[in-house]
Every structure is written in structure tokens, then in C-alpha cells.
Amino acid sequence: MTDDDALLLEGHLQELRRGTVVLACLRLLRKPGYGYGLLEELTRRGFSTDTNTLYPLLRRLEKQGLLESRWNTDESRPRKFYSTSPAGHALARALSDDFQALATAIAALSQEDLDDRA
Amino acid sequence: MIERDGAALSTTLTERYLHAAVRRVPEASRSDVAAELEASIADQIDARVAGGESRAAAERAVLDAMGDPDRLAAEYTDHPTHLIGPQSYFEWRRLLVLLLWIVLPCAGLGAGIVRTITGSDVPDVFAGVLATVLNAGVHLTFWTTLLFVVLERTTSPRNATVVPWSLDRLPDPRARASLADLVASLVVLMLVTGAVAWDRWIGFSTVDGEAVAILHPGLWPWGITTLLVLMVAKGALAVAVFRARRWTMPLAWANAAIAVAVAILVLVLLTRGELVSPEIVDHAFAEAGNPVVHVTGILISASVVGIAGWDTLSGFRKARHEPRGGPTSGARGTRGWA
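Everything numeric here is computed off the predicted structure, so don't read it as measured data.

Looking at the overall build of chain B
Then, number 1: A tally of regular secondary structure across chain B gives 11 helices and 2 strands.
Then, number 2: In chain B, which comprises 338 residues, the share counted as buried stands at 35%.
Then, number 3: Sequence separation of 24 or more characterises 73% of the internal contacts of chain B that already satisfy a separation of 6 or more.
Then, number 4: Accessible area for chain B stands at about 20,100 Å²; split by element, carbon and sulfur atoms hold 67% of it.

The structure is reproduced here in C-alpha cells:
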């Protein structure tokens, strides 16, 4: 694969994954979490994202009322903890449903595609 | 060096990175963003140090992985990170191309005529035309772009994506044409003002190697003031048409009044010989004699009357054809610059 192909693939993968990070955040933050912990958790679960994307994203979701935040100063290093708001829960449910529907639709697509080739 | 000063260097690096990343974040949330990022960077460094890296190397690796702080800052900011966005880009391009096509040939032709009349030799005429066209092009592009940049930041609905789209929100081609009309009018008025000032203080033409104003020196200050007042009125009219989103009969009458006033002003000044600098007239027509001066005067007068008449008529025509209601008569086709 040439560099151009790799870039092209990377761009399309990024577009495909964009919304899934939002959904994963909204669902993971049912339990309050802070930025770095969330980053680790996302990576561990196979949602690759980077700091540059995650922190502005968390802030946007907070601004949209989908996340709530508070500073935790109990430990030596103060951290900003986020948790999903009721509106965020509702959105996560809707997004999950839609993702399921999409996954089903794409699965059906591949089946037809395979049938055609056979 | 890096190894020995590792600790000091690493704090500096983090601070510098944080500063670069949050400097464009709105003041209200800046310290909050910085504190959050700082904690995150520290967490990531700790993780790498726990994995056996030196603190300095870990710091470098973490900050390097976070990437360009300007990009991070752009993610945080609410402001558009472009001069002219997709909403008005095509309008900007269409208008600019049109203005350049109209104004540059006129400016070049005008400069060529003036230089030829004042008796410059061929290379001088050529250089003058080139300089004028370049000058006009740069100004036209700059001012048009600047106006669009300002409009982009003042009129574009920031939360356009939040408002549900509906058929009623389809852009009205008339309204778009009006915006283009408005920008075009204002740019042309600015250029005319600039040209008058240029003529006064720098001079478009030279007679015997000396810069000479084309306009009669006696026009300053009252004649020019009258002209400026009329141009401001013309600009205000363009704004009024834009705000009303269409031409109305009162606006057409106001347009006619301004056009007639300009025509009368120019004609009176011309017949009294107070419009064009006598030096230019003498120089241009030194060998031609009175009949040529006479014919030229008639030609200019006819143009002035023609332009005023056309301007007046087009105002009334637009007012009559603009429907009162919504864009029901869109089939009538594009108007103005569209």
C-alpha cells in the first residue's frame, strides 16, 4: 500500500469512527471519569482516539448539556470528572439504537455482496 | 545537557505547551482548560515513567504525541478558523470575479485614455495602464474580501446546525442578489472616493513631467463635498434596499433623485468649465481647437445623462418587478449580479 492509499484509508476510517467515540464516552461516563482514565479505557476497549480530540470533545459535550462535570480535589492531583447527564443518557440510547440498525444494515449488505460473488 | 537539566527543561516544556494550547481559548474557561490538560499531561507522563522511561523523555514523548498546540487550540475555540467559510465562499468568488471583469477593463481603459490625452509616450501609457490595473485589482480584491470577512463574522448564524432545516429556510435568490448588490455598491463607492482622493493628492496624470489633478481644483472643498454627500446617500440607499430585501417604489424614487442630482451637478460643472482641470483641457486640446472640445463635452454630457437615465429606469424596473410576498416569482430569473 502506498502512502497515498494509507492516507485515504486513514481519512475514511476517521470519518467512520467520529461519532462512535461520542457514543462510547456517553456510555462509559455513566460512572464518573476523568480525561486520562477515559482515554485509557477507550483505547483498551478498541476505540482509538487521542488527547487532541478527546478533551475538546468532552468540553463540547458538556456545553451541549450531555455531560456534567465537577473538579475532584480529594487527591494530590486535582482532576476534572465528567459524568453523563440525563440528556446524555437519552442521546446515548438513541445513538446505540441507530448504531445497531446500521450494523444490521451493513451486515445484510455484506451478505448480498457475498451472494452476488458466489 | 538535556539529561542534566531534565527536570527544569520538562516543566518549561509543559508550561510552554499549555500556554500555546490555551492562549486562544475564551478567557472565562482558559484556566479550567489549562488545569485539565495539565493533569492529563502529568497522568500520561506518570504512566510512561512507571513503564521505565526517564521523566524528561516521557515528557517529550507525551507532548509530541499530543501534536501541534495550535490545532488543539483551534479545537477549543468557538470562532471560525477561516476567513470566508463555505456559506459565503461562492458568493464572494462570483462577486469578485464579476467586479474584476467590470472594473479592471474600465480602469485600464480610463488610465490609457488619460495618459494618451496628456501626451505620454507609448511605454509610459503602457506602464500607467498596468499600474492602474494592478492597483485597482489589489484594492478591489482586498476590500471585497474584507467586507465578506466582516459579514461572515457578523451575519452568519453561529448555531445554524441547531435550527432545523425547512423549505422556508431555502435561501431567497433575491436576498442573495441584494447582499452581492450591497457589497458591490459599497466597494464601488469606496473605489470612487479613493480615486478622487488619489487624484487630489497624488494625481493620475502628468503634464510635462508634473503631476496634475484631472478634477478642477476649484471643486475643493464644496463641489467634492456635494459629491461625497451624494455618494453617501447612494450607499445608504444600497443598505436600505438590502434591509428591505427588495426594491420598493419609494426607494426607486430616492434612487432617481440621487441619479438626477449627480447628473445635474456634473452637467452644470461641465458647462461652466469647472469640472475638469483647465491645465488638462489646454494640454489635451492644445492642437485640436474648439470644435473638438465642444464635441467631447457633448459626448461626456450624453454619457452622464445616459447613465443617470439607465440607473433611474433600472431602479423603477426592479421595484415594479419585485413581488410583495415570498419568492413566488422566482421563475422571473436572476437579477442584479446573480
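A word on the nonpolar core
Then, number 1: If you look at the biggest cluster of nonpolar residues, it comprises 38 residues, and the most contacted ones within it are A:Cys25, A:Leu38, A:Leu42, A:Leu58, B:Leu37, B:Ile41 and B:Met66.
Then, number 2: A total of 7 residues in this core trace back to one element, the largest contributor, which is helix α1 (residues 3-28) of chain A.
Then, number 3: Those residues within four positions of B:Leu37 in sequence are excluded, and the remaining contacts are A:Tyr55, B:Leu18, B:Ala21, B:Val22, B:Met66, B:Leu72 and B:Tyr76.
Then, number 4: With 15 residues, the next largest nonpolar core counts B:Ile84, B:Trp92, B:Leu99 and B:Val149 among its residues.

Comments concerning the packing of aromatic side chains
Then, number 1: Under the criterion given, the structure shown has 5 aromatic pairs over all chains.
Then, number 2: Considering the side-chain rings of B:Tyr89 and B:Phe90, the 5.2 Å spacing of their centres and the 75° angle between planes classify their relative orientation as edge-to-face.
Then, number 3: By relative accessible area, B:Phe90 is classed as exposed at 54%.
Then, number 4: Aromatic ring contacts, followed pair by pair, group B:Tyr89, B:Phe90 and B:Trp92 into a single cluster.
Then, number 5: Residue placement shows A:Arg79 over the ring face of A:Tyr34; its charged tip is 4.3 Å from the ring centre.

Some words on the packing of helix α2 (residues 27-50) of chain B against helix α3 (residues 55-66) of chain B
Residues and elements named next belong to chain B.
Then, number 1: Axis separation between α2 and α3 bottoms out at 9 Å; the angle between their running directions is 130°. Taken together, the axis directions place α2 and α3 in an arrangement best described as oblique. The handedness of the crossing between α2 and α3 comes out as right-handed. Only Arg-55, Ala-58, Glu-59, Ala-61, Val-62, Leu-63 and Met-66 of α3 make contact with α2, whose side of the interface consists of Leu-37, Ile-41, Gln-44, Ile-45, Asp-46, Arg-48 and Val-49.

Some details on the interface of chain A and chain B
Where interface size is given, it is often the accessible area lost as the parts come together that is meant.
Then, number 1: The interface of chain A with chain B comprises 15 residues on the first partner and 22 residues on the second.
Then, number 2: Between chain A and chain B, the buried area comes to about 1,700 Å², and carbon and sulfur atoms account for 47% of it.
Then, number 3: Seen at the junction of chain A and chain B, the total is 7 salt bridges.
Then, number 4: A salt bridge links A:Arg77 to B:Asp46; its shortest N-O distance comes to 2.8 Å.
Then, number 5: For the side of chain A that touches chain B, the element with the highest residue contribution is helix α3 (residues 51-63) of chain A, accounting for 7 residues.
Then, number 6: Of the residues assigned to the side of chain A that touches chain B, the class counts are 7 nonpolar, 2 polar and 6 charged.

Some remarks on the pairing of strand β3 (residues 79-84) of chain A
Residue and element names in this part refer to chain A.
Then, number 1: Summarising burial for β3: 6 of the 6 residues are buried, a large majority.
Then, number 2: Of the two faces of β3, both are covered, the one formed by Arg-79, Phe-81 and Ser-83 as well as the one formed by Lys-80, Tyr-82 and Thr-84.
Then, number 3: Sheet analysis places strand β1 (residues 33-34) next to β3, joined by 2 bridges and oriented antiparallel. Paired with Gly-33 across the two strands is Tyr-82, which belongs to β3.
Then, number 4: Sheet topology places strand β2 (residues 67-72) next to β3; 6 bridges connect them, and they run antiparallel. Residue pairing for β3: Glu-68 is matched across the bridge by Ser-83.
Then, number 5: A loop of 6 residues connects β2 with β3, the two strands running antiparallel in sequence.

Here's the deal with helix α8 (residues 222-244) of chain B
All names here are of chain B.
Then, number 1: Taking 1.5 Å per residue, 23 residues should reach 33 Å; α8 reaches 33 Å between its end C-alpha atoms and fits that length.
Then, number 2: Burial in α8 covers these residues: Gly-223, Ile-224, Leu-230, Met-231, Gly-235, Leu-237, Ala-238 and Val-241.
Then, number 3: Looking one or two residues past α8, Arg-245 carries a phi angle of roughly 65°, positive in sign.

The rules we used
- Residues numbered from 1 in each chain as written.
- Chains lettered and ligands numbered in written order.
- Predicted model: local features only at pLDDT ≥ 70, side-chain atom pairs only at ≥ 80, totals over all residues.
- Heavy atoms only, no water.
- Helix = DSSP H or I, 4+ residues; strand = E, 2+ residues; numbered from the N terminus.
- Buried < 20%, exposed > 50% of the residue type's maximum accessible area, 1.4 Å probe, protein only.
- Contact = heavy atoms within 4.5 Å.
- Areas by Shrake-Rupley, 256 points an atom, 1.4 Å probe, with all protein chains shown as cover.
- Core = buried A, V, L, I, M, F, W, Y, C linked by side-chain atoms within 4.5 Å.
- Phe/Tyr/Trp six-rings, centres within 6.5 Å; stacked < 30°, edge-to-face > 60°.
- Lys NZ or Arg CZ within 6 Å of the ring centre and 35° of its normal.
- Axes fitted to C-alpha atoms, helices over the stretch in contact; angles between N-to-C directions.
- Parallel < 35°, antiparallel > 145°, perpendicular 65-115°, else oblique.
- Left-handed = near helix turned anticlockwise from the far one by under 90°.
- Buried area = accessible area lost by both parts, 1.4 Å probe.
- Salt bridge = Lys/Arg side-chain N within 4 Å of Asp/Glu carboxyl O.
- Nonpolar A, V, L, I, M, F, W, Y, C, P; charged D, E, K, R; others polar.
- Pairing = 2+ DSSP bridges.
- Expected span 1.5 Å × (residues − 1).

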